[in-house]
Every structure is written in structure tokens, then in C-alpha cells.
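Here is what each chain is made of, one letter per residue.
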Amino acid sequence: MSDPTEPQAVQARYARRDAAQDALRYQLMASASALQAQQERLRAMVRLWSAHGWTDLADKSITEVGCGSGGNLQDLLRLGASPARLQGLELIAERAAQARGILPSAVRITEGDATLAPVADGSQHAVLAFTLFSSLLDPAFRQHMADVLWRWAAPGGGVLVYDFIVDNPRNPDVRGVPLAELHRLFSRAQVQSRRITLAPPIARRLPAACIGPASALLYPLRTHRLTWLARPA
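What counts as what
Residues numbered from 1 in each chain as written. Predicted model: local features only at pLDDT ≥ 70, side-chain atom pairs only at ≥ 80, totals over all residues. Heavy atoms only, no water. 1 Å grid on protein atoms, 1.4 Å probe; cavity = no way out; pocket = protein on both sides within 12 Å on 5 of 7 lines; lining within 4 Å. Points joined across faces, edges and corners; volume = space filled by probe spheres on them. Nonpolar A, V, L, I, M, F, W, Y, C, P; charged D, E, K, R; others polar. Buried < 20%, exposed > 50% of the residue type's maximum accessible area, 1.4 Å probe, protein only. Helix = DSSP H or I, 4+ residues; strand = E, 2+ residues; numbered from the N terminus. Right-handed = clockwise from strand over helix to strand, strands pointing away. Pairing = 2+ DSSP bridges. Salt bridge = Lys/Arg side-chain N within 4 Å of Asp/Glu carboxyl O.

(A) Spotlight on empty space enclosed by the protein. As enumerated under the stated definition, the model contains one cavity of 30 Å³ or more in all. Taken as a whole, the largest cavity holds about 60 Å³ of empty space. Every residue along the wall of the largest cavity is listed here: Arg-13, Tyr-14, Arg-17, Ser-135, Asn-171, Asp-173 and Val-174. In terms of residue class, the lining of the largest cavity is built from two nonpolar, two polar and three charged.

(B) Summary view of the pairing of strand β5 (residues 153–164). Among the twelve residues of β5, ten are classified as buried, and the element is accordingly described as predominantly covered. In terms of handedness, the path from strand β4 (residues 124–130) via helix α6 (residues 139–152) over to β5 forms a crossover that is right-handed. Where β5 and strand β7 (residues 222–230) come together, seven bridges link them in antiparallel fashion. Looking at β7, one finds that Tyr-162 is bridged to Leu-226.

(C) Structural view of the pattern of salt bridges. Applying the stated criterion across every chain, the model contains eight salt bridges. Its salt-bridge partner being Arg-13, residue Glu-6 comes within 3.1 Å of it at the nearest N-O pair. On the basis of relative accessible area, Arg-13 is assigned to the buried category, the value being 10%. Note that Asp-75 and Arg-78 form a salt bridge whose closest N and O atoms lie 2.6 Å from each other. Here the residue Asp-75 and the residue Arg-78 both occupy positions in helix α4 (residues 71–78), the gap between them amounting to three residues, near one helical turn. A relative accessible area of 58% places Arg-78 in the exposed class. Connected through shared salt-bridge partners, Arg-142, Arg-175, Glu-181 and Arg-184 make up one network.

Structural measurements only, silent on function.
Written out as C-alpha cells, the structure reads:
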């Protein structure tokens, strides 16, 4: 049985983080490594969805769980998604407010525990979970979250997970999500996965022009996976 207090525990973990340092670390103008990671992730998303047979997002209903301040939803808009068919779910009130402030009003932002969100089963072409599962330390709650997201995915759609695959020894509040665990969490999915993102502590030390080539050459030092967990049609 999953721990019903896990969402509150996640809130407490995020409250311990340095919000100003996080903002600087992931601000695209200020961080060449963050910009490289975002661009690499977008290219991988396009490849995975193109291989799935999608050429246009305008007619796709998409929900992101743990949307933060809305950066990934902005990326989806740039890829052609319709604002009226986008939704973000965010546990942290301050982040939900930031997302509402930067996104078109037609994009729905819902604050609270995502597992309680009023999303109809089978209604979403894609459900995004970016660095979500690594923040859930209770294994049973991880499975509960995966089951909820899978129910929301429409036949022919799926769940898109971006997360790191190894533990961070400097951060006990997160835990890596290897591909084998995604296979277990989404046991009925058809899985396509790409290993991406040069280890951020290394990427942050490199000159901007070197990050892309280093990521291409140093495959074992890529610490994240983008995984498309497709629901059979």
C-alpha cells in the first residue's frame, strides 16, 4: 500500500532546496549546460514521437505531471501543441503560480496532488513525467503514480518519462530511475528509450562549445533517459 503522506514529504524536500540556486542552475540564458540539455531533450522527443508516427501535436491532448514553472509546456507550444489541449499539474503552489504567469491562459494549470487530479481515463495522448519519479522515494507511491498516469494515457498514446538513471550521492532527497524500473512500473507498455544528457556536474565545468561534442563522445557519462512508454492501440 502506498504512503498517503508522500506528496507532503515531496513538498518538504523541495522546501529544503535553494530556490534561487535552482533558478540560476536551470536558467537557459545563464547556464550553457541547461541549454544543451534542453535542446538535446527536445530533439530526442521529436525523434521518439516521429518514430511513433506523430507528425503534429496540434490535435494531441497532453498533460505534464510536475510541470514546475512551465518550461516544458512552453517547449510543447513551440513544437506546435494547442494551448487549449495542454494541462500542467503541479504540487508546489509557488511553481504553479509561476507557470500561470508565463503560459497562455488557455493552458490549464492545476495545483495539488496529481494522483487526485480530475483527468479522465484514456483522455490524454501523452502524459509527461520529467524528473518526477526520482522525487518519489516511497516505492509503493511510485507504482501508484505510474498506474494513474497509465490510466490517463489513451490507446495509441503513452507516457513520456525523462529522469536520471543513477542516484545522486549529494542529494538524498532523490533516487535514480533505471530503465529496468520503468519496465516494471509500466509493465504493459511498448518501450522506446534514449540515453541523453551529459552528467550535469561535468557539463557545468565545460566551455559551452564543448558540451555537445562531449555528450556525443562520452556516452557512459550520460545520466538521464528519455523514455516513451506507448500504450498499444
